[in-house]
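So you can see what is in the structure, the chains are spelled out below.
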Number of protein chains: 2
Amino acid sequence: MAKKKNLKAQTYNELCDLLSDRFDRLSNQLKKISQFVLENPNDTALKTTANLAQQIGVQPSSLIRFAQALDYDGFSEVQAIFKERLVKQLPGASENYSERIQGLRKEQSGENKQSLNFLDKFIDINCSALEHLGKDISPNDLEKAIELIKAAESVYILGQRRSFPAAAYMYYGMSQLSIRSYLIDSVGGLLKEQISQLGKNDVLIAITFPKYSENSLSAIRIARERGATIISITDSPISPVVLESDICFYTDVATISGFRSFSATMCLAQTLVINLG
Amino acid sequence: MAKKKNLKAQTYNELCDLLSDRFDRLSNQLKKISQFVLENPNDTALKTTANLAQQIGVQPSSLIRFAQALDYDGFSEVQAIFKERLVKQLPGASENYSERIQGLRKEQSGENKQSLNFLDKFIDINCSALEHLGKDISPNDLEKAIELIKAAESVYILGQRRSFPAAAYMYYGMSQLSIRSYLIDSVGGLLKEQISQLGKNDVLIAITFPKYSENSLSAIRIARERGATIISITDSPISPVVLESDICFYTDVATISGFRSFSATMCLAQTLVINLG
DNA sequence: GCCAAAATGAAATATTTATTCTATATAAAG
DNA sequence: CTTTATATAGAATAAATATTTCATTTTGGC
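The shown structure was predicted, so the numbers you read here are calculated from the model rather than taken from an experiment.

With that settled, the discussion passes to the overall build of chain A. The helix and strand inventory of chain A stands at 13 helices and seven strands. Scored against the burial criterion, the 277 residues of chain A give a buried share of 56%. Residue pairs in contact within chain A that sit at least 24 positions apart in sequence constitute 65% of those at least 6 positions apart. With the model as given, the accessible surface of chain A reaches about 12400 Å², and the carbon-plus-sulfur share is 46%.

See the structure below:
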């Protein structure tokens, strides 16, 4: 057998190494491409060969030659690596972050305990949920929500079951700020009665996640009928509460073993409260 | 002119709004697709129609129908929006997450709104609190706590004031797991009476932060006198509860404007609960 | 329970996109 | 200066991918 074939670089980092290695021996155009792809990894991941070629100022065929000079069959293979990088870098799989934690864990506990794995996973999930939060919350909505709450006569906070802790936090925070607020806690099964206190100068902050409790949904409907302003925190644009709400925030509820991450929701809750103060 | 043409949703947020609006009127398959794309925006951005269709469990043509139901000409237009979202999230080569977040924020809101700064700061604080958590929690303590809880006849959970949300979460989680658990909520001012239920085969999980409420402290003392096992979550080794506790976890409660980050505490709470399941 | 309308699946087609091929230009060696 | 090898552009082709069409199933109204 003539020669053992070089295994292609599979990850972004390997690709980087390969490039530093061969850069000097590449032709002018291929150097140009190298520089571009390293400086514009996102474009490289998402655009078509024709597009990229134009942007770089080379022919599409040069992109293929570039890939082949790096031992790939075609440019698509290179692009796949950039795509992978794009999602890996995203919250949740952020190489720095996860790797850092995992490395740390390994070194400090050789025993690899189950409970620690869960802790790590949770930290990871919560962190990525937080990162998403920053990106997905619309600045305008946040401002608007704060204005509405400030203008309200009273603020009612609704969160049943898993959403109750977040609701309880908001209630605590607002009380500290001497905002006239009420926690709808269903004590004594009096949810409907509690909701009926709401008037048209009041704001209802409703926190709901799947599976949306029928109690919460009907409470929101009642509040709406009574003319209250409704600010919701829920999981997605297709949650049943969205259409009933004046403003809606979506928080990422990544799940692990059927349980949901709460950090993003809590963080948003805190942000709202603090901006009132 | 026959009819004013609807302008297509151009951004991810607009697309979300559109989906909330029309979701109810979509057919089953189209609903399925809606859910998927909202839950898997990255896949939606990067994969081919055939791929996605298979993953969702529909025909490729349904994806096009989905796009058309949202006034687009084809699925490619939808995908373009998801692609845009994907890169908007990532300002260039990412350093660590806080820098990333800060960079992002600056660029997308020239107006530099106060509320956003708070959101960013919070995200940042919560993320580092989580990171610390991973480093600070002792594997042995975690294991031991889990064993103790598993062995307990009943679990009582105490958290007053700011600690109440975390306590409420643990109560919720344990109830889901059919663990015999009680939330000491002081309803009706009956804290002492609630605590007096504790016996020597029970575990008290006490969550306390400065300034440690006198109620909580005396509750812990009573529980101890009655021979219960005490697992605490508190802020530091010099917290007054440490000496009363069998196991003690410290969570980082970074503060901003006098308010405290809760993520680490919540995360630890979740980890404990899940390891019981 | 029947009919019309809507939704879906599956294959056919159109379009886009990647890759190869060929001619031309450029650089290096004799 | 010529020759040979290499690099590049641009067009041609192949492959992948999106979209349309049509047959079949399902749904909802009478």
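It is worth spelling out the environment of B:Ala69 at this point. All names here are of chain B. Among the structural elements, alanine 69 can be located in helix α5 (residues 60-69). In this structure the C-alpha to C-alpha distance between alanine 69 and leucine 30, which are 39 residues apart in sequence, comes to 8.6 Å. With residues up to four places along the chain from it excluded, the contact list for alanine 69 reads Arg22, Leu26 and Leu30.

Summed over the entire model, instances satisfying the criterion amount to seven aromatic pairs over all chains. When the ring of A:Tyr12 is compared with that of A:Phe82, the centres are 5.5 Å apart and the planes differ by 80°; the resulting orientation is edge-to-face. Of the two residues, A:Tyr12 sits in helix α1 (residues 12-22) while A:Phe82 sits in helix α6 (residues 75-88), which places them 70 residues apart along the sequence. With 6.0 Å between their ring centres and 70° between their planes, A:Phe262 and B:Tyr169 make a pair best called edge-to-face. Taken together, the residues span two chains, with A:Phe262 in the loop between β7 (259-260) and α13 (263-276) and B:Tyr169 in helix α10 (residues 164-176).

As a further point, take the side chain of A:Ser213. Residues and elements named next belong to chain A. You can see serine 213 is positioned in the loop between β3 (203-207) and α12 (214-225). Here serine 213 falls in the buried class, since its relative accessible area comes to 18%. In this structure, serine 213 is in contact with Gln160 and Arg161, ignoring residues within four places of it in sequence.

Attention now moves to the protein's contact with DNA strand D. The full set close to DNA strand D counts 16 residues, and A:Ser27, A:Gln29, A:Gln59, B:Thr49 and B:Phe75 are the nearest of them. When the atoms of DNA strand D within 4 Å of the protein are grouped by moiety, sugar and phosphate amount to 70% of the total. Taking A:Arg65, its side chain carries an N or O atom lying 3.5 Å from a base nitrogen of DNA strand D. Within the backbone of B:Phe75, an N or O atom sits 2.9 Å from a phosphate oxygen of DNA strand D. Secondary structure elements with two or more residues in the surface near DNA strand D: α2 (28-39) and α5 (60-69) of chain A together with α4 (49-56), α5 and α6 (75-88) of chain B.

Taken together, the neighbourhood of DNA strand C is formed by 18 residues, with A:Thr49, A:Phe75, B:Ser27, B:Gln29 and B:Gln59 sitting nearest. Within 4 Å of the protein, the contacting atoms of DNA strand C are 68% sugar and phosphate, with bases supplying the remainder. Contacts to DNA strand C include A:Phe75, whose backbone N or O atom sits 2.8 Å from a phosphate oxygen. A distance of 3.2 Å separates a base nitrogen of DNA strand C from a polar atom in the side chain of B:Arg65. Those elements giving two or more residues to the surface near DNA strand C turn out to be α4 (49-56), α5 and α6 of chain A together with α2 (28-39) and α5 of chain B. In terms of residue count, α5(A) provides more of the surface near DNA strand C than any other element does, four residues in total. A breakdown of the residues in the surface near DNA strand C according to their chemical character gives four nonpolar, 13 polar and one charged.

Moving on, we get to the nonpolar core. Ranked by internal contacts, the top residues of the largest apolar core, which has 86 residues, are A:Met170, A:Met174, A:Phe249, B:Met170, B:Met174, B:Ile205 and B:Phe249. The contacts of B:Met170, once residues within four sequence positions are left out, are B:Ile157, B:Ile205, B:Ile207, B:Ala269, B:Leu272 and B:Val273. In terms of nonpolar packing, the next biggest core, distinct from the first, is built from 56 residues, A:Ala53, B:Cys16, B:Val58 and B:Phe82 among them.

With that out of the way, let us pick up unusual backbone geometry. The omega torsion of the bond from A:Pro210 to A:Lys211 falls at -15°, within 30 degrees of zero and hence cis. A positive phi is found at A:Ser178, a non-glycine position, where the angle reads about 60°. For A:Ser178, a relative accessible area of 66% puts it in the exposed group. The residue B:Arg161 is not glycine, and still its phi comes out positive at about 55°. Topologically, B:Arg161 is positioned in the loop between β1 (155-159) and α10.

What counts, and where the lines are drawn
- Residues numbered from 1 in each chain as written.
- Chains lettered and ligands numbered in written order.
- Predicted model: local features only at pLDDT ≥ 70, side-chain atom pairs only at ≥ 80, totals over all residues.
- Heavy atoms only, no water.
- Helix = DSSP H or I, 4+ residues; strand = E, 2+ residues; numbered from the N terminus.
- Buried < 20%, exposed > 50% of the residue type's maximum accessible area, 1.4 Å probe, protein only.
- Contact = heavy atoms within 4.5 Å.
- Areas by Shrake-Rupley, 256 points an atom, 1.4 Å probe, with all protein chains shown as cover.
- Phe/Tyr/Trp six-rings, centres within 6.5 Å; stacked < 30°, edge-to-face > 60°.
- Near = heavy atom within 4 Å.
- Polar contact = N/O pair within 3.5 Å; in protein donor to acceptor, adjacent residues only side chain to side chain.
- Nonpolar A, V, L, I, M, F, W, Y, C, P; charged D, E, K, R; others polar.
- Core = buried A, V, L, I, M, F, W, Y, C linked by side-chain atoms within 4.5 Å.

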